[in-house]
Amino acid sequence: ALSSRISPMSFSQTNPLAAERLSGLIRQWVRRTGAENLFDFYGGMGGIAFSCADQVKNIWSVEEVAAASEDGRHNAAENGIENVTFITSRVKNFLKQQMESGGMPPRSAVVLDPPRGGMTPKAARRCIDSAPPHVLYVSCNPKVLAQELPLFLDKYTLTGMQAVDMF
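Being a predicted model, the structure only gives us computed values, none of them experimental.

Caption draft 1: Spotlight on the packing of aromatic side chains. Tallying each qualifying case throughout the model produces six aromatic pairs. Aromatic pair Y137 and F152: ring centres 6.3 Å apart, planes at 85°, arrangement edge-to-face. With a gap of 15 residues between them, Y137 in strand β5 (residues 134–137) and F152 in helix α6 (residues 142–153) connect regions that are remote in the sequence. Grouped by ring-pair contacts, the aromatic residues F39, F41, W60 and F94 constitute a single cluster.

See the structure below:
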C-alpha cells in the first residue's frame, strides 16, 4: 500500500475500494498494450500513474493544478517511485509542446482521465493528432464521453468499454 499526501486542492476518489478496482482495470489495459511509455493526462496527484509504475519504463503525469502535481512529486519520493515525472501544465499546452519537439516516444500509451466537463476541444484534437497507438479514456460523465468519443473514433477503433461503480 502506498502512503499519500492529499492537499485540499488535489483530487482523490472518495471510495478507495472502487478506486482500487478502477486502477486494476487500467493496469491490465496498460499490460495488454505492451507500452513502455505512459502519458497520464489529467493525472492529479498520480493515483493512476502510481498504480501503473511497475508496468512501464516511463510515465509522464500531466496536471494543471499545481498542488496536485506537488502532492504527486511528494508521494513519489515518499514511496520510492522513480519513473513518474509530474508536469504542471494544461494538457493542450503539453501536447502542443510534445508535437513541436518530435511527438511521443515510440511504444507510448495514453490514459485520459479528464474532469467531469471533459477535455477541451484543443486537448482532444492534439491528443488525436499526436497519434499514440493506444488510448484509454476514463470518464465520470457518460454524456460528455458520448460527445467526445466520436472525435476519437475517426482515428481509433473502440475495443471495449467497462463500467465501474465508484460509489
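So much for the structure itself; the text now carries on.
Caption draft 2: Geometry of the pairing of strand β1 (residues 37–41). In terms of residue burial, β1 counts as a mostly covered element, since five of its five residues are buried. The alternating pattern of β1 places N37, F39 and F41 and L38 and D40 on opposite faces, both of which are buried. Here β1 runs beside strand β2 (residues 58–63); their pairing, made up of five bridges, is parallel. Within β2, the residue paired with F39 across the bridge is W60. Both β1 and strand β4 (residues 108–112) contribute to a ladder of five bridges, which runs parallel. Bridged to F41 within β4 is L112.

Caption draft 3: Summary view of a nonpolar patch on the surface. Taken together, the side chains of L153, L158 and M161 make up a nonpolar region of the molecular surface, amounting to roughly 310 Å² of accessible area. Topologically, L153 is positioned in helix α6.

Caption draft 4: Quick look at empty space enclosed by the protein. Under the defined criterion, the tally for this structure stands at one cavity of 30 Å³ or more. Taken as a whole, the largest cavity holds about 40 Å³ of empty space. As for the largest cavity, its lining consists of P114, P115, R116, G118, Y137, S139, C140, N141 and V144. By residue class, the composition of the lining of the largest cavity is five nonpolar, three polar and one charged.

Caption draft 5: The environment of A49, seen in detail. Checked against the element boundaries, A49 lands in helix α2 (residues 47–52). In this structure, the C-alpha to C-alpha distance between A49 and N83, residues 34 residues apart in sequence, is 9.4 Å. Not counting chain neighbours up to four residues away, the residues in contact with A49 comprise D40, I59, S61 and V84.

Caption draft 6: Broad picture of unusual backbone geometry. The backbone of Y42 shows a phi angle near 65°, a positive value even though the residue is not glycine. Considering the arrangement of structural elements, one finds Y42 in the loop between β1 and α2. One non-glycine residue, A131, lies in positive phi territory at about 55°. With respect to the helices and strands, A131 occurs in the loop between α5 (121–130) and β5.

Caption draft 7: Region of the structure containing helix α1 (residues 16–33). Helix length check: α1, at 18 residues, gives a terminal C-alpha distance of 26 Å against a target of 26 Å (1.5 Å per residue), a fit within 8%. Of the positions making up α1, those classed as buried are A18, A19, L22, S23, L25, I26, W29, V30 and T33. Down the axis of α1, the sector holding all buried residues measures 160°, keeping them to one side. Opposite the buried face of α1, by more than 90 degrees, sit the exposed residues P16, L17, E20 and R32. Turning to α1, the residues buried within the fold contact β1, α2, β4 and β5. Phi turns positive, to about 75°, at G34, one or two residues after α1.

The rules behind these values
- Residues numbered from 1 in each chain as written.
- Predicted model: local features only at pLDDT ≥ 70, side-chain atom pairs only at ≥ 80, totals over all residues.
- Heavy atoms only, no water.
- Phe/Tyr/Trp six-rings, centres within 6.5 Å; stacked < 30°, edge-to-face > 60°.
- Helix = DSSP H or I, 4+ residues; strand = E, 2+ residues; numbered from the N terminus.
- Buried < 20%, exposed > 50% of the residue type's maximum accessible area, 1.4 Å probe, protein only.
- Pairing = 2+ DSSP bridges.
- Patch = residues over 30% accessible without salt bridge, like charges linked within 9 Å, V, L, I, M, F, W, Y side chains within 5 Å.
- Areas by Shrake-Rupley, 256 points an atom, 1.4 Å probe, with all protein chains shown as cover.
- Salt bridge = Lys/Arg side-chain N within 4 Å of Asp/Glu carboxyl O.
- 1 Å grid on protein atoms, 1.4 Å probe; cavity = no way out; pocket = protein on both sides within 12 Å on 5 of 7 lines; lining within 4 Å.
- Points joined across faces, edges and corners; volume = space filled by probe spheres on them.
- Nonpolar A, V, L, I, M, F, W, Y, C, P; charged D, E, K, R; others polar.
- Contact = heavy atoms within 4.5 Å.
- Expected span 1.5 Å × (residues − 1).
- Arc of directions from axis to C-beta.

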